[in-house]
Amino acid sequence: MTKTILITGSTDGIGLLTARTLAAEGRRIVLHGRSRARLDAAAQQIEGAETILADLSDMAQVDAMADEILRRFERIDVLINNAGVLKAPQTRTADGLDLRFAVNTLAPYLLTRRLLPIIPKDGRVVNLSSAAQAPVDAAALAGEGALSDMDAYAQSKLAITIWTRELAAELPDGPVLIAVNPGSLLASKMVKDGFGVAGSDLAIGADILRRAALASEFADASGKYFDNDAGRFAKPHSAALNADHSRAVMAAIQKTLAPRG
């Protein structure tokens, strides 16, 4: 059976290159983006690709996206939560959340939760983490206060790593949930905008996402963190291993998303 793979933030960068790589191997690809024009342009590069439009900074749109996927697809074999943001002209969403926490942490959690009924037990959820990780200010995650771009980004990436571990523990029979640092300072738009450098070959990131999605080496890795800078499974920031900190982060995620039902 052909595997169906949904990749968020796949209109450019690592997401699009990963989609093209997987499509070339015969996988059924579902592209996601927040711009119809860019989504259509990406789909033209991948024969047979399907598309879904949503702004992941808006949890109502994430819910609507999940509803549409559940209507259109019987199963999603692999969900790659790739979409991410570091800098933006406006860092506060219409719902009052920090944009980085909304897109990098909350949206993928909500989407994953909603899609669990159609992700098979032997399926996978691959979450984009980062080498940049920092202890999470739970109040900031919930929309209180303001953080610098790098602080918000690093905390949002530890938060997605934490919920990867926690959800994996909750679902011991699957699907496999893995957090991946695809590589530091790759040649993505985010790196160019955030750090002003050209970055390394994007194929480094696309290759590890492909492996995490399909390779046998990740089949028994649920809850683990893969650091592609080191080329191995590694321990995330120590705060992710602190039970009290993890509980506080999970409580903040669930409280923040509770109005969504």
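Our structure's up above, just so we're on the same page.
This section reports on the structure supplied with the text. Bear in mind that the values here come from a model prediction, so they are computed numbers and not experimental data.

Observations concerning the overall build of the protein
Check the secondary structure of the protein and you find nine helices and eight strands. For a compact globule of 261 residues, the expected C-alpha radius of gyration is about 18 Å, and the protein comes in at 17 Å, within 12% of that figure. Principal-axis analysis of the C-alpha atoms gives the protein an extent of 45 × 40 × 40 Å. A total of 261 residues make up the protein; the buried ones form 53% of that total. Pairs at least 24 apart in sequence give 69% of the contacts found in the protein among residues at least 6 apart.

A look at the side chain of Arg100
Counting through the fold element by element, Arg100 comes out in helix H4 (residues 99-115). The contacts of Arg100, once residues within four sequence positions are left out, are Val85, Leu86, Thr91, Thr105, Leu147, Ser148, Asp149, Ala152, Tyr153 and Ser156.

Considerations on helix H1 (residues 13-24)
Because the α-helix completes a turn every 3.6 residues, residues three or four places apart line up on one side. Along its 12 residues, H1 runs 17 Å from first to last C-alpha, staying within 8% of the 16 Å computed at 1.5 Å per residue. For H1, every residue scored as buried is listed here: Ile14, Gly15, Leu16, Thr18, Ala19 and Leu22. Contact partners of the buried residues in H1: strand E1 (4-7), strand E2 (28-33), helix H2 (36-43), strand E4 (78-81) and helix H8 (203-214). At the C-terminal side of H1, Gly26 shows a positive phi close to 95°.

As for helix H3 (residues 59-72)
For H3, with 14 residues, the first-to-last C-alpha span of 20 Å sits near the 20 Å given by 1.5 Å per residue. Three or more residues of H3 are buried, namely Met59, Val62, Asp63, Met65, Ala66 and Ile69. Along H3, the residues classed as buried sweep out an arc of 160° about the axis, all on the same side. Buried-residue contacts for H3 involve E1, E2, strand E3 (50-53), H4 and helix H9 (243-257). The N-capping residue of H3, defined by a side-chain oxygen 2.9 Å from the backbone nitrogen of Ala60, is Asp58.

Examining the packing of aromatic side chains
For the coordinates displayed, the defined rule picks out four aromatic pairs. Ring geometry for Phe218 versus Phe226: centroids 5.3 Å apart, planes at 55°, classification tilted. With respect to class, Phe218 is no different from Phe226; both count as buried. With 5.1 Å between their ring centres and 90° between their planes, Phe226 and Phe233 make a pair best called edge-to-face. Exposure remark for Phe226: the relative accessible area of 2% places this residue in the buried category. Classification of Phe233 by relative accessible area gives partly exposed; the value is 28%. Aromatic rings pair up to connect Phe218, Phe226 and Phe233 into one cluster. Positioned over the ring face of Phe233 is Lys224, at 5.4 Å from the centre of the ring.

Focus: the pattern of salt bridges
Once their charged atoms are close, side chains differing in charge can pair, the charge on each being opposite to the other. A full pass over the atoms with the stated rule returns 16 salt bridges. Across the pair Asp12 and Arg38 runs a salt bridge whose closest N-O atoms are separated by 2.3 Å. Of this pair, Asp12 sits in the loop between E1 and H1 while Arg38 is found in helix H2, placing the two residues 26 residues apart along the sequence. With a relative accessible area of 29%, Asp12 lands in the partly exposed category. Take Arg38: its relative accessible area is 39%, and that puts it in the partly exposed class.

Observations concerning the nonpolar core
Among the nonpolar cores identified, the biggest contains 49 residues, and Leu6, Ile69, Leu115, Leu141 and Ile253 are the most heavily contacted of them. Those elements that provide at least two residues to this core are H3, H4, helix H5 (138-141), helix H6 (149-170) and H9. Of all the elements, H4 adds the most residues to this core, at 10 residues. Dropping the residues within four chain positions of it, Leu141 is found in contact with Leu97, Phe101, Leu106, Val136, Ala159, Val249, Ala252, Ile253 and Thr256. One finds Ile7, Val78, Val176 and Ala221 within the second-largest nonpolar core, a separate group that totals 30 residues.

What to know about the sheet that holds strand E8 (residues 232-234)
Taken together, eight strands build an open sheet; the order of strands is E3-E2-E1-E4-E5-E6-E7-E8 and the sheet is mixed. Edge strands, defined here as strands with exactly one partner in the open sheet, are E3 and E8. With direction set aside, neighbouring strand axes in the sheet form an average angle of 25°. Sheet analysis places E1 next to E4, joined by three bridges and oriented parallel. Across the sheet, the residue bridging to Ile5 is Val78, located in E4.

Here is what the cut-offs are and how they apply
- Residues numbered from 1 in each chain as written.
- Predicted model: local features only at pLDDT ≥ 70, side-chain atom pairs only at ≥ 80, totals over all residues.
- Heavy atoms only, no water.
- Helix = DSSP H or I, 4+ residues; strand = E, 2+ residues; numbered from the N terminus.
- Rg over C-alpha atoms; globule rule 2.2 N^0.38 Å.
- Buried < 20%, exposed > 50% of the residue type's maximum accessible area, 1.4 Å probe, protein only.
- Contact = heavy atoms within 4.5 Å.
- Expected span 1.5 Å × (residues − 1).
- Arc of directions from axis to C-beta.
- Polar contact = N/O pair within 3.5 Å; in protein donor to acceptor, adjacent residues only side chain to side chain.
- Phe/Tyr/Trp six-rings, centres within 6.5 Å; stacked < 30°, edge-to-face > 60°.
- Lys NZ or Arg CZ within 6 Å of the ring centre and 35° of its normal.
- Salt bridge = Lys/Arg side-chain N within 4 Å of Asp/Glu carboxyl O.
- Core = buried A, V, L, I, M, F, W, Y, C linked by side-chain atoms within 4.5 Å.
- Pairing = 2+ DSSP bridges.
- Axes fitted to C-alpha atoms, helices over the stretch in contact; angles between N-to-C directions.

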